[in-house]
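Observations on the three-dimensional arrangement
In case you want the letters, here they are:
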Amino acid sequence: MSHRALELAAKAIGQVSPSPLVGCVIVSDSGEIVGEGTYYYDKTIHAEVIALDQAGAMADGATAYISLEPHSHHGRTPPCTDALIKAGIKRVVCPIEDPNPLVSGKGFETLRQNGIEVVTGVLKKEAEKLNEKFIHWHKNGRPFVHVKIAMSLDGKIATKKGESKWITGPGSRAVVQHLRHEYDAILVGGNTAFLDDPSLTDRSERMRHRKLVRIILDNSLRLPLRSQLVQSASKFPTIVFTNQGDSESKRRLEEYGVEIVETKEGGRDLRMVLKELGTRKIQSVLVEGGGEVAGSFHDAKLIDKVSFFVAPIIIGGKEAPASIGGTGVKDLSRAMRLRTKDVIHRGEDIEVTGYPVWNE
Ligand SMILES: NC(=O)c1ccc[n+]([C@@H]2O[C@H](COP(=O)([O-])OP(=O)(O)OC[C@H]3O[C@@H](n4cnc5c(N)ncnc54)[C@H](OP(=O)(O)O)[C@@H]3O)[C@@H](O)[C@H]2O)c1
């Protein structure tokens, strides 16, 4: 049943940020599922309350399986702990604490004080993975950074003349749309914005609670006014980080609805960029290249997850950009390794997704 609670929570991917994904299953004394709920930000009703409403009187003496610690404070909704206590729930099975300091540990404590048995730790890793972006933002105050790269077998992301459409096949590209759906923001470097003229939209055709924010690191402000990004800036939030002061380019971009964030180092100061995004409650960023920008994130050890989509082609050439530029490491012993890798066939391509382990 803990697994079912996670499944229910996952139904709302893309529809909860900046809140967490939460699912709840109520199982009666006789082992029957009597209520199920999923939290959606726009519906302002918590998974526990939906499930308890369905269960009605059958919640009395039942067990509630919840994917994340229920809250005991008054937020946008009244405390879920009150609803569980009032309904007569006897046991709560819940893998992890909520990292939000307003909730953390207090929800479990309130339940225990009211005679409810609380079981934690079941499917802990899966529950943490499900809410990895939410947990990361609460713990670090900056967004979770996922670098996604489409490359050839020899690690190239474009040809020497800058052609990159399409290195990978339709299977990989469809997955990328679903990845975009999971994220609050998508980020690229100035060269990619200039050369590829991408639209950087979520074309998964799934509902979103917040619009995907598009971020371009472009100190020289050369994003063309006729580009798809600028032309659609009034419809989709678009932020350019730059170190340029007041200029004609800046004013023109702003006229189209592009937000310019100007700081001393502009896009070069990635910690500042992420800090600024964190302040805006942007909990997660998908970095889609190019190689220079991915290299900077790598050098700064600011990558929390990577997905490489590797196509069975060889591009070759010293001048063709590599997937990770920047300075790189001197010694192999210092190379970043991936833990808990997923290796998945996507048509002719192979996706490798994992979490970095940084070697000092
Ligand atoms: N296959 C793929 O997955 C994929 C994905 C994306 C792009 N591409 C291809 O990659 C090529 C572009 O990649 P690229 O490596 O040349 O450029 P890039 O990473 O897209 O952009 C680099 C530029 O961004 C600006 N910038 C601002 N802050 C930065 C920071 N912290 N770190 C690095 N750069 C920063 C710099 O220009 P300023 O100094 O002007 O700010 C820099 O020259 C294109 O050919 C594109 O088609 C392929």
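Okay, so let's go over this structure.

Conventions used here
- Residues numbered from 1 in each chain as written.
- Predicted model: local features only at pLDDT ≥ 70, side-chain atom pairs only at ≥ 80, totals over all residues.
- Heavy atoms only, no water.
- Helix = DSSP H or I, 4+ residues; strand = E, 2+ residues; numbered from the N terminus.
- Near = heavy atom within 4 Å.
- Polar contact = N/O pair within 3.5 Å; in protein donor to acceptor, adjacent residues only side chain to side chain.
- Areas by Shrake-Rupley, 256 points an atom, 1.4 Å probe, with all protein chains shown as cover.
- Nonpolar A, V, L, I, M, F, W, Y, C, P; charged D, E, K, R; others polar.

Ser17 connects to Pro18 through a cis peptide bond whose omega is 10°. Within the secondary structure, Pro18 sits in the loop between helix H1 (2–10) and strand E1 (23–27). With omega at 0°, the peptide bond leading from Gly289 into Gly290 counts as cis. Its location among the elements puts Gly290 in the loop between strand E11 (284–287) and helix H12 (291–299). At Leu123, a position not held by glycine, the phi torsion is positive, near 55°. Its location among the elements puts Leu123 in the loop between strand E5 (117–119) and helix H5 (124–130).

What follows deals with the site of the ligand. Taken together, the neighbourhood of the ligand is formed by 27 residues, with Thr192, Asp196, Asn219, Ser220 and Ser296 sitting nearest. Within the side chain of Thr192, a nitrogen or oxygen atom sits 2.5 Å from an oxygen atom of the ligand. Within the contact set of the ligand, a nitrogen atom lies 2.5 Å away from a side-chain nitrogen or oxygen of Ser296. For the ligand, whose accessible area on its own is 920 Å², the fraction buried by protein is 89%. For the shell around the ligand, the secondary-structure elements that each account for two or more residues are strand E6 (144–152), helix H8 (190–196) and H12. Considering every element that reaches the shell around the ligand, the biggest residue donor is H8, with 5 residues. Considered class by class, the residues forming the shell around the ligand number 8 nonpolar, 13 polar and 6 charged.

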